[in-house]
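Here are the chains, one letter per residue:
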Amino acid sequence: MKNFFIGLWFSLPIQLFLLHFRRNQVFLVFWYILFATLAGHFMKNFGADSLFLAPEYFNSTNTLSMAFVGAAVGVFIMSWNIATFILHSKYVKFLATTAQPFLKFCINNAIIPIIFLVFYVYKSAGYSLSYQLLSVTEVVLLQVAFFAGFLLIVLISFLYFFGADKTIYYTISGNITSANDQYKQLAASKTLPKEKKEMRVDWFLSARLHLRKPRDVRHYSQDFLDSIFNRHNISAVLAIILAFIFLIVIGYISDAKLFQIPAAASITILFSVFIGLIGALSSLFRTWSIPIVLVLYAMINYFYEKEIIDPRNKAYGIDYEHKDERPVYSKETIEALAADSLINEDKQVYIKILNNWKKKQENDKPVAYIINVSGGGLRSAAFTMQTLLKLDSITNGNLFKHTLFINGSSGGLLGAAYYRSLYQQKQEQHIAIDAVAAVNNISKDLLNPIFSSMVTRDIVGPIQKFVLGPYQYAKDRGFAFEEKLNENTGGLLNRSVRDDSITESKAVVPLIFYSSVISRDARKMIIASHPARFLMKSNSSHTVDAVDFNSFFCKQNASNINVLSDLRMAATSHYVLPNVWLPTKPIIDVMDAGLRDNFGMETTFRFLETFKDWFKENTLKVILIQIRDRSEDDWQKPYENSSFIGSFAKPAFMLQYNWFKIQDYYQQDEQTYFQNSFNGLFEKLCFQYIPTEKDANASLNFHLTASEKKSIGDAVNSEINEKVFGKFKSMVK
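Counting restarts for each chain: residues are numbered from 1 in the order of the written sequence. Note on the predicted model: pLDDT of at least 70 is required for a residue's local features to be given, and 80 or more for side-chain atom pairs to be given and counted; whole-chain, interface and lining totals, by contrast, use all residues. The basis for every side-chain value is the complete set of heavy atoms in the structure, and neither hydrogens nor water enter the calculation.

A separate point is the overall build of the chain. Looking only at helices and strands, the chain features 28 helices and 14 strands. The burial tally for the chain puts 54% of its 733 residues in the buried class. Contact between two residues is taken to exist if any of their heavy atoms lie within 4.5 Å; hydrogens are not considered. If you take every contact in the chain between residues at least 6 apart in sequence, the share linking residues at least 24 apart comes to 78%. Looking at the chain as shown, the accessible area adds up to about 33,600 Å², and 60% of this sits on carbon and sulfur atoms. Helix and strand labels come from DSSP, where a helix needs a run of H or I of at least four residues and a strand needs a run of E of at least two; each type is numbered from the N terminus. Burial classes: relative accessible area under 20% of the type maximum marks a residue as buried, over 50% as exposed, and values in between as partly exposed (1.4 Å probe, protein chains only). Here the Shrake-Rupley method, with its probe set to 1.4 Å, supplies the accessible areas, and only the displayed protein chains count as covering residues.

We now examine the nonpolar core. In terms of nonpolar packing, the biggest core is built from 174 residues, with Y350, L582, F607, F615, I625 and F702 touching the most fellow members. Per element, the largest residue contribution to this core is 12 residues, and it comes from helix α5 (residues 63-88). Beyond its immediate chain neighbours, meaning those up to four positions away, F607 contacts Y350, L354, F405, F513, F534, L535 and F615. To form a nonpolar core, buried Ala, Val, Leu, Ile, Met, Phe, Trp, Tyr and Cys residues must be joined to one another through side-chain atoms within 4.5 Å.

Before going further, it helps to examine the packing of helix α14 (residues 377-394) against helix α27 (residues 706-716). Angles run from 0 to 180 degrees between N-to-C directions of axes, and those axes are lines fitted to C-alpha atoms, restricted for helices to the stretch in contact. Running from N to C, α14 and α27 point in directions that differ by 40°, and their axes come no closer than 10 Å. The two elements α14 and α27 cross, and the hand of that crossing is right-handed. Counting all contacts with α14, which are made through R379, A382, F383, Q386, T387 and K390, the residues of α27 involved are I712, G713, A715 and V716. Residues are grouped as follows: nonpolar covers Ala, Val, Leu, Ile, Met, Phe, Trp, Tyr, Cys and Pro; charged covers Asp, Glu, Lys and Arg; every other residue, Gly included, is treated as polar. In terms of residue class, the contact of α14 with α27 is made up of 5 nonpolar, 3 polar and 2 charged. Here a crossing is taken to be left-handed if its near helix is turned anticlockwise relative to the far helix by less than a right angle, and right-handed if that turn runs clockwise.

A few words now on the pairing of strand β8 (residues 511-518). One face of the sheet, then the other: side chains in a regular strand alternate in exactly this way. Of all 8 residues in β8, 8 are buried, a share of seventy percent or more. Relative to β8, strand β5 (residues 403-408) runs parallel, the two sharing 3 bridges. In the sheet register, I406 faces β8, and the bridge partner there is I512. Inspection of the sheet shows β8 paired to strand β9 (residues 524-527) by 4 bridges, in the antiparallel sense. A pair of strands is considered paired only if DSSP assigns at least 2 bridges between the two.

Before going further, it helps to spend a moment on the pairing of strand β12 (residues 588-591). Sheet analysis places β8 next to β12, joined by 2 bridges and oriented antiparallel. Following the sheet pairing, V517 is matched in β12 by M591. If you look at the hairpin formed by strand β11 (residues 580-582) and β12, you'll find 5 residues sitting between the two strands.

Once that is clear, we can look at a nonpolar patch on the surface. Two distance rules govern patches: like charges are joined within 9 Å, and nonpolar side chains (Val, Leu, Ile, Met, Phe, Trp, Tyr) within 5 Å, applied only to residues with over 30% relative accessible area and no salt bridge. Salt-bridge detection follows one rule: a side-chain nitrogen of Lys or Arg within 4 Å of a carboxyl oxygen of Asp or Glu. The grouping of L129, V136, V140 and V144 at the surface amounts to a nonpolar patch, some 350 Å² of accessible area in total. Take the nonpolar patch: its biggest share by element is 3 residues, from helix α8 (residues 136-189). Note that V140 resides in helix α8. Looking at V140, the relative accessible area reads 46%, which means it is partly exposed.

Moving on: the packing of aromatic side chains. Between rings of Phe, Tyr and Trp, where Trp is taken as its six-membered ring, a pair exists when centres lie within 6.5 Å; planes separated by under 30 degrees are stacked, by over 60 edge-to-face, and by other angles tilted. Scanning the entire structure with this criterion turns up 44 aromatic pairs. Ring geometry for F607 against F615: centres 6.4 Å apart, planes inclined by 65°, an arrangement best described as edge-to-face. No difference in accessibility class separates F607 from F615, as the two residues are buried. Three or more aromatic residues joined by ring pairs form one cluster here, namely W31, F35, F76, W80, F116, F119, Y120, F146, F147 and F150. In this analysis the charged atom, NZ for Lys or CZ for Arg, is taken to sit over a ring once it is within 6 Å of the ring centre and within 35 degrees of the ring normal. Over the ring of W581 we find R312, and its NZ or CZ is 4.5 Å from the ring centre. Just above the ring of Y316 sits the side chain of R568; from NZ or CZ to the centre is 4.9 Å.

Turning next to the environment of M731. Tracing the backbone through its elements, the reader meets M731 in helix α28 (residues 719-732). In this structure M731 comes out as partly exposed when scored by relative accessible area, which is 25%. Along the chain, M731 and V367 lie 364 residues apart, while their C-alpha atoms are 9.3 Å from each other. Setting aside residues up to four positions removed in sequence, M731 forms contacts with I623, E683 and L685.

Right, let's get into the pattern of salt bridges. Applying the stated criterion to the full structure yields 21 salt bridges. For the salt bridge of D500 with R495, the shortest nitrogen-to-oxygen distance reads 2.7 Å. Given a relative accessible area of 2%, D500 falls into the buried group. On the accessibility criterion, R495 (13% relative accessible area) is buried. In this structure, D714 and K710 form a salt bridge, with 3.1 Å as the shortest nitrogen-oxygen distance. With D714 and K710 both in helix α27, this residue pair falls 4 residues apart, about one helical turn. Among the ionic contacts, a cluster of salt bridges with common partners joins K524, D545, R596, D597, E602 and R606.

Below, the structure is given as structure tokens:
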């Protein structure tokens, strides 16, 4: 038994496994990311696990999507084998004199890949059953497709290297024969040089999985052994280059739906390229690798600062080209924009809109609805859509007829804006709103094209351009997001803000305010079809804490900005979507509106404060309908961390975790003030996404599983929301 364990310990598979932890540990980082992603410990909030466990191709998880991911995993494993073969060949010199040395290396290097494949099947099958709600037969078919894609790549790879092995062996067969003859002579005279082993190996697995003892290679010169490995290395590098070219080609043709491969496949192939590059750098430059990387970083940073390289994302529809006309972003400029005369000018425009709205109501003093929606990715978009559909059915299709404006952030605004477009289509073309189609469309995946484009366009591929009107922009993951959202919503959101100005002025549809946050100083950027400079500061304060987009960028064709870009700016968060930079001096960029006002309350209260007299004189009551993706109960899910490391991280993450609760506390005070100042004419109805099952909360990202969609539908009709619907129904009567 002792000899068995000694033989096992000094077998090549175990020694290679241990070698990975002793040398070039950077490769293990990629394995860790993949394992942690599958386990739900890496970027789970962004939906990274769903990208791998439920990859989508043509808007569904199917055998083709799983085959693509399986093929990508095959590419990754082969790239890892190639890189480690290049770097660790000096520890396995005996393989140089065997047939198919790379094949034997891969077989003996298979411990980590086998563990990963087993883990993937376990997690993927469980995810499909529990979250995708698939049958056992469907799950088996998906796993078969995964391994079909994986085995296809492995087969192609080995056929490629078998060809290389034959060429190499044909070239050096004479040298091997000569060396073997020399070995017999040296062995007879006992003059073989003393063997220096850097890694003890007693056994290795052959191509047929038989145990073999390593061959003595002391009679081969080091140059000869190196020449064999170097010839294999050239073949390996060519394989990595092919993977890199593949990503570039996919980036160029990914506008065609056929070539929009699952994001998990693109990410995994990118990891393959990174591993290949790291292996090549380490092999070629050895101890100089890190200094060379630092020099490359310094060069790229210099080009970025000089705007020679400009990967920044833009808002589509506005002018970035005329740099001399860019507005100055300074205290003086912003305060001048919020001058009382300009504010009064905008107020008169909105009073006309309010009066036009009133003319369309049946009563002299109608009830005015204001809709606030919260951020929260697609879970908020789907919850908002289903809540609005139910409210509309209660009002017999007249919800938006009585609604003055919509406001909010991120995912909720996606759902509300799409519903508003469907309502406008109903008004103008007399097309009834298909509730089932509306919910399905807004719930469709947006995450796969974002990550695929991040890999194939943002990171790897050269910049591609597209033209919108007179302006040219770069295609990146922001572009991919808008293209996919446009496809999902049937093109109804693909218009400029200017296109909404007439319908909003005539009160055909409610007003909508698109907000984002300027990362430079946390001021709001507010976009509307008409300038709204009265929202730049409150009546009780002289501090200007917001910027009116329309008036500030009047020379940049501000009203031509695309509604899809408005929605993306309001939903830009946590690296998934790029911050949008705007043409100012100095340059500013904006991100998710939820950072400042996740529930839209701040803008709503400022609007009510501005037109308080009009509301008191012309309306019976103002009902604020808040649709939020989380509970109002501040005792739900407190921040807890009992680990030792967590105690050190607590100060850093406590504020982030409680950010939305802090907004709630502040806005509840504002709400109390308005209820008092409106003398009972203000009321709030709150619809909350609270899963009916404990710990079944839908992920905060741009992807929903089948079980998450069901959870959202159940939450709309939960007991707590049914009470609010009942209250709303009594108000309508």
